[in-house]
Amino acid sequence: MAHLCFSSKIFLDGGVPEETAEAKKLLGFLDGQTTNPTLIAKNLSSRISSSSHLTQKSALDEYKKIVRQMSKIIPKGSVSIQVFADQKTKAREMIKQARERRIWIPNSSIKIPCVAEGLKAGEILCKEMPLNFTLVFSQSQAAAVYEATKGTKYPVFVSPFVGRLDDRGEKGMDVIANIVKMYKSSDKHIEILTASVRNLDHLYCALQLKSDIITIPFKVFKEWASLGFKKPDKDYLYHKPELKDIPYRPDIQLGQPWQSYDLHHDLTDKGVTSFWTDWQGLFK
Ligand code: G3P
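First, a word on scope: everything that follows refers to the structure included in this document.

## A few points about the site of the ligand
Looking at the ligand, the residues that line it are D13, N36, L39, K111, F161, R164, S196 and R198. Taking N36, its side chain carries an N or O atom lying 3.2 Å from an oxygen atom of the ligand. A distance of 2.7 Å separates an oxygen atom of the ligand from a polar atom in the side chain of S196. Within the complex, 82% of the 300 Å² of free accessible area of the ligand lies under protein. Class assignment for the residues of the shell around the ligand results in two nonpolar, two polar and four charged.

## Overview of the pairing of strand β6 (residues 156-160)
The element β6 is largely enclosed, with a buried count of five among its five residues. Looking at chain direction, strand β5 (residues 131-136) and β6 are connected through four bridges and run parallel. Paired with N132 across the bridge in β6 is F157. Following the chain from β5 across helix α6 (residues 139-148) to the adjacent parallel β6, one finds a crossover that is right-handed.

## Describing the nonpolar core
In this structure, F6, L119, Y183, F221, W224 and W279 are the most contacted members of the largest nonpolar core, which totals 97 residues. Non-local contacts of L119, meaning those with residues more than four positions away in its chain, are made with C114, F133, A144, V145, A148, W258 and L263.

## A closer look at the environment of T34
By secondary structure assignment, the location of T34 is in strand β2 (residues 32-34). Spatially, the C-alpha atom of T34 lies 8.8 Å from that of Q82, the residues being 48 residues apart in sequence. Setting aside residues up to four positions removed in sequence, T34 forms contacts with F11, L12, D13, G14, S80, K111, N132, L193 and T215.

## Describing the packing of aromatic side chains
Using the criterion set out here, one finds 13 aromatic pairs in the structure. Each ring, one from F137 and one from F161, has its centre 5.8 Å from the other, and the planes form 70°; the classification is edge-to-face. With F137 in the loop between β5 and α6 and F161 in the loop between β6 and α7 (162-167), the pair connects residues that are 24 residues apart, well separated along the chain. When the ring of W279 is compared with that of F283, the centres are 6.2 Å apart and the planes differ by 75°; the resulting orientation is edge-to-face. Overall, the relative accessible area of 1% leaves W279 in the buried class. Classification of F283 as partly exposed rests on a relative accessible area of 22%. Linked through ring pairs, Y63, F84, W104, W279 and F283 together constitute an aromatic cluster. A cation over a ring is seen here: R101 above F84, with NZ or CZ 4.6 Å from the ring centre. Its guanidinium or amino end placed over the ring of F6, K231 lies 5.3 Å from that ring's centre, counting from NZ or CZ.

Conventions used here
Residues numbered from 1 in each chain as written. Predicted model: local features only at pLDDT ≥ 70, side-chain atom pairs only at ≥ 80, totals over all residues. Heavy atoms only, no water. Near = heavy atom within 4 Å. Polar contact = N/O pair within 3.5 Å; in protein donor to acceptor, adjacent residues only side chain to side chain. Areas by Shrake-Rupley, 256 points an atom, 1.4 Å probe, with all protein chains shown as cover. Nonpolar A, V, L, I, M, F, W, Y, C, P; charged D, E, K, R; others polar. Buried < 20%, exposed > 50% of the residue type's maximum accessible area, 1.4 Å probe, protein only. Helix = DSSP H or I, 4+ residues; strand = E, 2+ residues; numbered from the N terminus. Pairing = 2+ DSSP bridges. Right-handed = clockwise from strand over helix to strand, strands pointing away. Core = buried A, V, L, I, M, F, W, Y, C linked by side-chain atoms within 4.5 Å. Contact = heavy atoms within 4.5 Å. Phe/Tyr/Trp six-rings, centres within 6.5 Å; stacked < 30°, edge-to-face > 60°. Lys NZ or Arg CZ within 6 Å of the ring centre and 35° of its normal.

What follows is the structure, given as C-alpha cells:
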C-alpha cells in the first residue's frame, strides 16, 4: 500500500500494545497513542485472572510496562500517559506523578485533567515536558489551556471529548470547530486532539476540520481499515440534526490570564471521578 497521507496526525486510543502493533501494520504508520486509567484498568483486569492480587505499585508497574511496549512499537510517535487524580488532588501531587511518568519512556506526553489544579500543574510542567490536557468539553477550557502553557517549547495537546457530548445529545464536533476557530489567531503552540471518537463520522468530520490530531479506538480503526482508510469527500457534510448545536462564543477570546476563564464543566467532573474509580476498582 502506498504511504497514506492525512491532514491530521493519526493516534490510536487504547490500553493494549498488541492493538498498537496491529494498527501500525494496517495503516503503515502511527503518529501516536493515547491511554487513560480506564483503558489500562480494562487491560489489567482482563489479563490478570484475580486482579485482587494487584497492588497500587504492581498496577502502576503494569501501566509502565504497557506504555514501554507501545513506545517500542512507535518510538517516533507520542505516547500519552495519564496522572491519577480525583476531585481533591492538588497540583503538587499531579506534578510529582507527571515527573515520574515522564521518564518511563522517551516519547511520553503527560495527560492532565483540565481542572484548576491541573492547569496550575500544567503551567509549571509545560516548561519541562510535553503535555496533553484531557477531559476538555468547552471553548473556554481550551482558552485557559492555551494561556496557561504560553511560551512552552514542548508540544501541548488539548483533548476535547466529542463522543461524551454526543452521548447527552450535544454536537461534540462543534467544540472542535469552535476551538479551531478560536485558535486561528493564536501562536499555534497547541495541537487540537479530537478524542472520545465513537464512529467514522467523528473521524471524517475531524479530518475535514483539520484537527491536528485524532485518536481513534481500535474498533473504529479496524472499521476505517476495512474501507481502505477512506478520506471524507470534498463535499462531506457532518449532518447530525438529532444533536443540539454548541454555538461558537465570540466573547471567549484568547489573551486573558488562564484563571479568568470558566473551567467548570460537569462532564469534566464526571470524567475525573470515573477515571479515578475505574483505576481504584482494580483493588477491590
Ligand atoms: O482518549 C480519551 C477517550 O478514550 C475517551 O473515550 O469513549 O471513554 O469517551 P470515551
